[in-house]
Amino acid sequence: MTMIEMKNISKSFTSTNGERIQAIKDVSLSVEKDEFISIIGPSGCGKSTLLRILSELQEYDSGEILFHDENLKDNLGFVFQDSVLLPWKSVYENIVMPLKIKHMETPETLAHVEELLDLMNLKEFRNSLPKELSGGMKQRTSIARSLSYNPKLLLMDEPFGALDAMTRDHLNLELRRLWKQTKKTILFVTHDIEEAVFLSTRVVVLSNRPSTIHDIVTIDLPEERTLELRDTPDFINYVSRLRGMLNEQS
Ligand SMILES: Nc1ncnc2c1ncn2[C@@H]1O[C@H](COP(=O)(O)OP(=O)(O)OP(=O)(O)O)[C@@H](O)[C@H]1O
Ligand SMILES: [Mg+2]
């Protein structure tokens, strides 16, 4: 079942010195229910712009976006590349904020928040303020915040970019598990090709600016993904194929 249809989306910006920059050109993509799509492409090609357009934070110039499930628009979680936490609120209060706004504080959802604190290794810091956290902790807090009300559609813009390799591995596994258990549709931007292959059902490769879709690769690997999978020939093949495509772009 198709959830979202993007048809020929284009978007230009005018920079402060008056130069016109076309970020996205004629991007068409259908997102199926429960897909995990990663988007990779050269820096500055328009990946964040594409997610912002999808979340309706950013307008686009031409084309069309169809949400086949209208409820999806109100059931959307977003992890920004440079997520901002409320500086005067604690880790816990930041994570609970979306539930508060949506009047969804129930014993079940609050129990889920406790699980997320545990999952993100933030229990000890629940009462800390953002300024008392490391960059990685802040990022984990914003990931927990985006998951707190269990959104159906999750847009994640390099959520694990600032994390150390071990935490990243751990969160990759957990995100895959969460995605499978809670049936979400995820669009995930990353610079890490291995991460894209590990997590996704499909990987979208964007070209250099103006971004068009260079290719879409279906990742036909076992449903059950363990870290050892990364050492298998099939996995390595996907990674090198995608790396080749990316190198052509830069
Ligand atoms: N609000 C804005 N005003 C002007 N130009 C913008 C704006 N937002 C993005 N751009 C430009 O659009 C292009 C795409 O930016 P975008 O942030 O989407 O890239 P990206 O693929 O996410 O890059 P990165 O991998 O470095 O995060 C860039 O050239 C950027 O300078
Ligand atoms: Mg970006």
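Residues numbered from 1 in each chain as written. Chains lettered and ligands numbered in written order. Predicted model: local features only at pLDDT ≥ 70, side-chain atom pairs only at ≥ 80, totals over all residues. Heavy atoms only, no water.

(A) Focus on the pairing of strand β6 (residues 153-157). Counting buried positions along β6 yields five of five residues, so the element is predominantly enclosed. The alternating pattern of β6 places Leu-153, Leu-155 and Asp-157 and Leu-154 and Met-156 on opposite faces, both of which are buried. With four bridges joining them, strand β5 (residues 76-79) and β6 adopt parallel strand pairing. Opposite Phe-78, over in β6, you have Leu-155 as the bridge partner. Across five bridges, the pairing between β6 and strand β7 (residues 185-189) is parallel. Along β7, the bridge assignment pairs Leu-155 with Leu-187. Between the parallel pair β6 and β7, the chain is carried across by helix α5 (residues 165-182), and the sense of this crossover is right-handed. (Buried < 20%, exposed > 50% of the residue type's maximum accessible area, 1.4 Å probe, protein only. Helix = DSSP H or I, 4+ residues; strand = E, 2+ residues; numbered from the N terminus. Pairing = 2+ DSSP bridges. Right-handed = clockwise from strand over helix to strand, strands pointing away.)

(B) Quick look at the pattern of salt bridges. Under the definition given, this model contains 11 salt bridges. The partner of Lys-123 in a salt bridge is Asp-118, with the nearest N and O atoms 3.9 Å apart. Taking the relative accessible area as the measure of exposure, Asp-118 reaches 46% and is therefore partly exposed. In this structure, the salt-bridge partner of Arg-230 is Asp-169, at a minimum N-O distance of 2.9 Å. Here Asp-169 lies in helix α5 and Arg-230 lies in the loop between β9 (213-218) and α7 (233-249), a separation of 61 residues in the sequence. The exposure class of Arg-230 is partly exposed, given its relative accessible area of 22%. One salt-bridge network, held together by shared partners, links Arg-168, Asp-192 and Glu-195. (Salt bridge = Lys/Arg side-chain N within 4 Å of Asp/Glu carboxyl O.)

(C) Molecular detail of the domain arrangement of the chain. Segmenting the chain into domains produces domain 1 (2-75 + 152-249) and domain 2 (85-151). Distance from the C-alpha centre of domain 1 to the C-alpha centre of domain 2: 24 Å. Of the residues lining the interface, 19 residues belong to domain 1; the matching set on domain 2 comes to 12 residues. Regarding the contact of domain 1 and domain 2, the summed buried area is about 1200 Å², with carbon and sulfur atoms giving 65% of it. The largest per-residue losses of area from domain 1 upon contact with domain 2 belong to Leu-154, Leu-171 and Leu-178, which jointly make up 29% of the total buried on that side. Seen at the junction of domain 1 and domain 2, the total is three residue pairs in polar contact (both at pLDDT 80 or more). If you list the elements that add at least two residues to the side of domain 1 that touches domain 2, you get β6 and α5. Partitioned by chemical class, the residues of the side of domain 1 that touches domain 2 number nine nonpolar, four polar and six charged. (Domains from an automatic or database assignment. Contact = heavy atoms within 4.5 Å. Buried area = accessible area lost by both parts, 1.4 Å probe. Polar contact = N/O pair within 3.5 Å; in protein donor to acceptor, adjacent residues only side chain to side chain. Nonpolar A, V, L, I, M, F, W, Y, C, P; charged D, E, K, R; others polar.)

(D) The arrangement of the nonpolar core in detail. Formed by 46 residues in total, the largest nonpolar core has its most connected members in Val-197 and Leu-242. With six residues, α7 is the single largest residue contributor to this core. Two domains each donate at least three residues to this core, and these are domain 1 (2-75 + 152-249) and domain 2 (85-151). Not counting residues within four places of it along the chain, the set of residues in contact with Val-197 comprises Ile-219, Leu-221, Arg-225, Phe-235, Tyr-238, Val-239 and Leu-242. Ile-39, Leu-51, Leu-54 and Leu-187 belong to the second-largest nonpolar core, a separate cluster that totals 27 residues. (Core = buried A, V, L, I, M, F, W, Y, C linked by side-chain atoms within 4.5 Å.)

(E) Spatial organisation of the site of ligand 1. Taken together, the neighbourhood of ligand 1 is formed by 14 residues, with Ser-43, Gly-44, Lys-47, Ser-48 and Thr-49 sitting nearest. In this structure, Ser-48 approaches ligand 1 through a side-chain N or O atom, which is 2.8 Å from an oxygen atom. At a separation of 2.8 Å, an oxygen atom of ligand 1 approaches a polar side-chain atom of Arg-209. Of all elements in the fold, only β2 (20-32) and α1 (47-54) reach the threshold of two or more residues within the shell around ligand 1. With three residues, α1 is the single largest residue contributor to the shell around ligand 1. Classifying every residue of the shell around ligand 1 gives four nonpolar, seven polar and three charged. (Near = heavy atom within 4 Å.)

(F) Structural context of α5. For α5, with 18 residues, the first-to-last C-alpha span of 25 Å sits near the 26 Å given by 1.5 Å per residue. Those residues of α5 that sit buried are Thr-167, Arg-168, Leu-171, Asn-172, Glu-174, Leu-175, Arg-176, Leu-178, Trp-179 and Thr-182. Its buried side turned inward, α5 meets β3 (36-40), α3 (107-119), α4 (135-147), β6, β7 and α6 (193-199). A positive backbone phi angle near 50° is found at Lys-183, which sits one or two residues after α5. (Expected span 1.5 Å × (residues − 1).)

(G) Geometry of the sheet that holds strand β4 (residues 62-67). Across the sheet, three strands lie side by side as β2-β1-β4; this open sheet has antiparallel pairing. Strands with a single pairing partner mark the edges of an open sheet, and in this sheet they are β2 and β4. When the angles between neighbouring strand axes are averaged without regard to direction, this sheet yields 15°. Lying over the sheet, α1 contacts β1 (2-14), β2 and β4, oriented at roughly 120° with respect to β1. (Axes fitted to C-alpha atoms, helices over the stretch in contact; angles between N-to-C directions.)

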